[in-house]
Amino acid sequence: ALVSVAGFFLKDVPDLAEDVAENMKFHMAFVHMAVTEASVVFLERDRRYNYTTPKSYLELIALYKSLLQGKRDELRGAKDRLESGVAKIAQASAQVADLQVNLKQEQIVVEQKKAATDALIVNIGKEKAVVDEAVESSREDEEACSIMQADVSAFQEECENDLKAAEPVIAEAEAALNSLDKKSLGELKSFGSPAAEVVQVASACIVLTAPGGKIPKDLSWNAGKKMMNNVDQFLQGLIRFDKDNLPENCCAAVEKSFLSNPNFNPDYIRNKSGAAAGLCGWVVNICKYFRIYQVVAPKRAALAEANKKLEGANRKLMGIRAKVKELQDKVASLEENLMKATDDKNAAIAQADKTQKKADLADRLGNGLSSENSRWGQAILQFGVQEEKLVGDVLLASSFVSYVGPFNSKFRDELVNTKWMPDIKEREIPMTEGLVLLDLLSGDASRARWANQGLPTDPLSIENGAIMTNAARWSLMIDPQLQGINWILNREQEAGLKIIQLS
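Residues numbered from 1 in each chain as written. Predicted model: local features only at pLDDT ≥ 70, side-chain atom pairs only at ≥ 80, totals over all residues. Heavy atoms only, no water.

**Q** Which parts of the structure should I look at to understand the overall build of the chain?
**A** Within the chain, the regular secondary structure consists of 16 helices and 0 strands. Relative to the compact-globule value of 23 Å for 503 residues, the chain shows a C-alpha radius of gyration of 68 Å, a clear excess of over 25%. Oriented by its inertia axes, the alpha-carbon framework of the chain measures out at about 195 × 60 × 40 Å. Nonlocal contacts in the chain, meaning residues at least 24 apart in sequence, comprise 81% of its contacts between residues at least 6 apart. For the chain, the accessible surface area stands at approximately 29500 Å², while carbon and sulfur atoms represent 53% of it. Charge-centre separation for the chain: the mean point of 62 positive side chains lies 5 Å from the mean point of 71 negative side chains. (Helix = DSSP H or I, 4+ residues; strand = E, 2+ residues; numbered from the N terminus. Rg over C-alpha atoms; globule rule 2.2 N^0.38 Å. Contact = heavy atoms within 4.5 Å. Areas by Shrake-Rupley, 256 points an atom, 1.4 Å probe, with all protein chains shown as cover. Lys, Arg positive; Asp, Glu negative; His and termini not counted. Charge placed at Lys NZ, Arg CZ, Asp CG, Glu CD.)

**Q** How do you make sense of helix 8 (residues 248–259) when you look at a structure like this?
**A** For an α-helix, 3.6 residues make a turn, and residues three or four places apart therefore share a direction. Three or more residues of helix 8 are buried, namely Cys250, Cys251, Val254 and Phe258. Angularly, the buried residues of helix 8 cover 95 degrees about the axis, an arc narrow enough to put them on a single face. (Buried < 20%, exposed > 50% of the residue type's maximum accessible area, 1.4 Å probe, protein only. Arc of directions from axis to C-beta.)

**Q** Just checking my understanding: could you explain the side chain of Ser461 for this structure?
**A** Inspection of the secondary structure puts Ser461 in helix 15 (residues 459–470). By relative accessible area, which is 11% here, Ser461 ends up buried. For Ser461, the contacting residues outside a window of four places in its chain are Leu455 and Pro456.

**Q** Which parts of the structure should I look at to understand the nonpolar core?
**A** Burial of nonpolar side chains together is a common tendency in soluble globular proteins. Membership of the largest hydrophobic core comes to 53 residues, with the highest contact counts inside it found for Met24, Met28, Tyr57, Tyr64, Leu396 and Trp420. Breaking this core down by element, the ones donating at least two residues are helix 1 (2–10), helix 2 (18–46), helix 3 (54–178), helix 11 (370–403), helix 12 (409–426), helix 13 (437–441), helix 15 and helix 16 (483–492). (Core = buried A, V, L, I, M, F, W, Y, C linked by side-chain atoms within 4.5 Å.)

**Q** I keep staring at helix 12 and nothing clicks. Help me out?
**A** Compared with an ideal rise of 1.5 Å per residue, which puts 18 residues at 26 Å, helix 12 spans 24 Å between its outermost C-alpha atoms and is within 8% of the ideal. At Trp420, helix 12 shows its strongest bend, of approximately 30 degrees, with the proline Pro422 following within four residues. Taken together, the buried positions of helix 12 are occupied by Phe411, Arg412, Leu415, Val416, Trp420, Met421, Asp423 and Ile424. (Expected span 1.5 Å × (residues − 1). Bend = angle between axes of the 7 residues up to and from the residue.)

**Q** Mind showing me how you'd approach unusual backbone geometry here?
**A** Glycine aside, residues mostly have negative phi angles, and peptide bonds mostly take the trans form. One non-glycine residue with positive phi stands out, namely Arg47, at about 55 degrees. By the secondary structure assignment, Arg47 is in the loop between helix 2 and helix 3. Arg47 sits in the exposed class, given a relative accessible area of 72%. Located in the positive-phi region is Glu428, a residue other than glycine, with phi close to 55 degrees. Residue position: Glu428 is located in the loop between helix 12 and helix 13. Accessibility expressed as a relative area gives 68% for Glu428, which makes it exposed.

**Q** How do you make sense of the pattern of salt bridges when you look at a structure like this?
**A** Between side chains of opposite charge, a pair can form as their charged atoms come close. For the structure on display, the rule yields 18 salt bridges. A salt bridge links Arg76 to Asp15, with the nearest nitrogen and oxygen atoms 3.2 Å apart. Of the two residues, Arg76 sits in helix 3 while Asp15 sits in the loop between helix 1 and helix 2, which places them 61 residues apart along the sequence. For Arg76, a relative accessible area of 28% translates into the label partly exposed. A relative accessible area of 61% means that Asp15 is categorised as exposed. Here Glu463 ties to Arg412 by a salt bridge, and the two come within 2.9 Å at their closest N and O atoms. Linking Glu463 in helix 15 with Arg412 in helix 12, this pair joins segments that are 51 residues apart in sequence. Judged on exposure class, the residue Glu463 and its partner Arg412 are both buried. Three or more residues are tied together by salt bridges with common partners; here these are Asp15, Arg76 and Glu387. (Salt bridge = Lys/Arg side-chain N within 4 Å of Asp/Glu carboxyl O.)

**Q** Looking at this structure, I do not really get the packing of helix 2 against helix 12. What am I missing?
**A** Interaxial distance between helix 2 and helix 12 falls to 11 Å at its minimum, and their mutual angle equals 155 degrees. With respect to their mutual orientation, helix 2 and helix 12 come out roughly antiparallel. The interaxial crossing formed by helix 2 with helix 12 has right-handed handedness. Side by side, helix 2 and helix 12 meet where His27, Phe30, Val31, Ala34, Val35, Glu37, Ala38, Val41, Phe42, Arg45 and Asp46 of the first sit next to Lys410, Phe411, Glu414, Leu415, Lys419, Trp420, Asp423 and Ile424 of the second. The residue makeup of the contact of helix 2 with helix 12, split by class, is 11 nonpolar, 1 polar and 7 charged. (Axes fitted to C-alpha atoms, helices over the stretch in contact; angles between N-to-C directions. Parallel < 35°, antiparallel > 145°, perpendicular 65-115°, else oblique. Left-handed = near helix turned anticlockwise from the far one by under 90°. Nonpolar A, V, L, I, M, F, W, Y, C, P; charged D, E, K, R; others polar.)

Here's what the structure looks like:
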């Protein structure tokens, strides 16, 4: 019946070979019967009772299934972590190779960027030298133009001052003409034998208005009246008279023959004839103007030539300025390109440095974990072997937790080492050679924590602690020295344990 029950419950255990399951159900029945026999001997020797019940047997099976699954999950989790670590190391090694390739390519780019930047620096230096030379040359032209501008301005001012001296003369000549009208000229023309001064005025007008500077021989009064025959035409001719281009010989003849006469002045002649006085004033002022203009005309020509030269110098200067600006713009563009090239170079250097650091880190990680990689690989293989042996290890541990609690150390050792373990080996159930049950049921950290919580460190007490922490039901403790209760109180204090007394 025990074998049948065990076979029924073990059939849903995953990854359990049929032949192993077959042997396990017989071993479980053997464990239960061995405990029953040991209980009889325990009563005879130590006068203590221990009972085995169907519930005990069912709890053995249930504990085996849950403990096996828990240990499998724990082992597989550790195996997965190590496999992940090994994969990470392999990935890091592969990344080192890729990073080294990338680093070589990035270093090539860095060198190219450096070369381009250095070439730009050299080019900018050359262009700046050209600009400096052009600026220096333009500075000389600027100074020459400034000097020329100052000279031209001074000369122009001198000419303007000379012309200003002629303005009153022209004004007087125009005023003299304005005093004439058709009536007064008609009266003058009607004179039969005017005064000598009036005749001189008419003669002076004939000389000044002689076409092409050819002074006629006839300067008589009749010639004068003939000149004034058409009064309107005569007056308009005087108004439109080209005073700037007066023939020099005509002016000289008038000065010599007429203006040298003290009585040849408008005030004196006005007593003879108002029209003749007006013509006299025009003659006098036209001659004065011509002499002033003779001085101003060469200056005007020189000024025009100077302005022409200044204009040419300014055009040249504008061309130089435009060239300088073009060169400066070129240098500015090159400097902008240099800044961009420098940024690109720095970015490439930063990327190469970043890749170098990553490669160094990955390389150090690979080198630092190379020994771990080997050890982890061996541990993964060992975990595979341990997983195969778990069916027997957990079977022995489950039997220990389920049945040996009431027994002392001697009976426990006899059951485990003399009966159960030989039977497992005999039935060829996989089990770890030299298995230490406490290592399976608890770890070093757990045992150290139990000791801090007040559990005695002798083997029996540690076994009891392992039984209590792995059992499915609450354990009933025989604790005359109150060691167990103190451990429980300290252990469960953080969980909010409450003590209840029936009294």
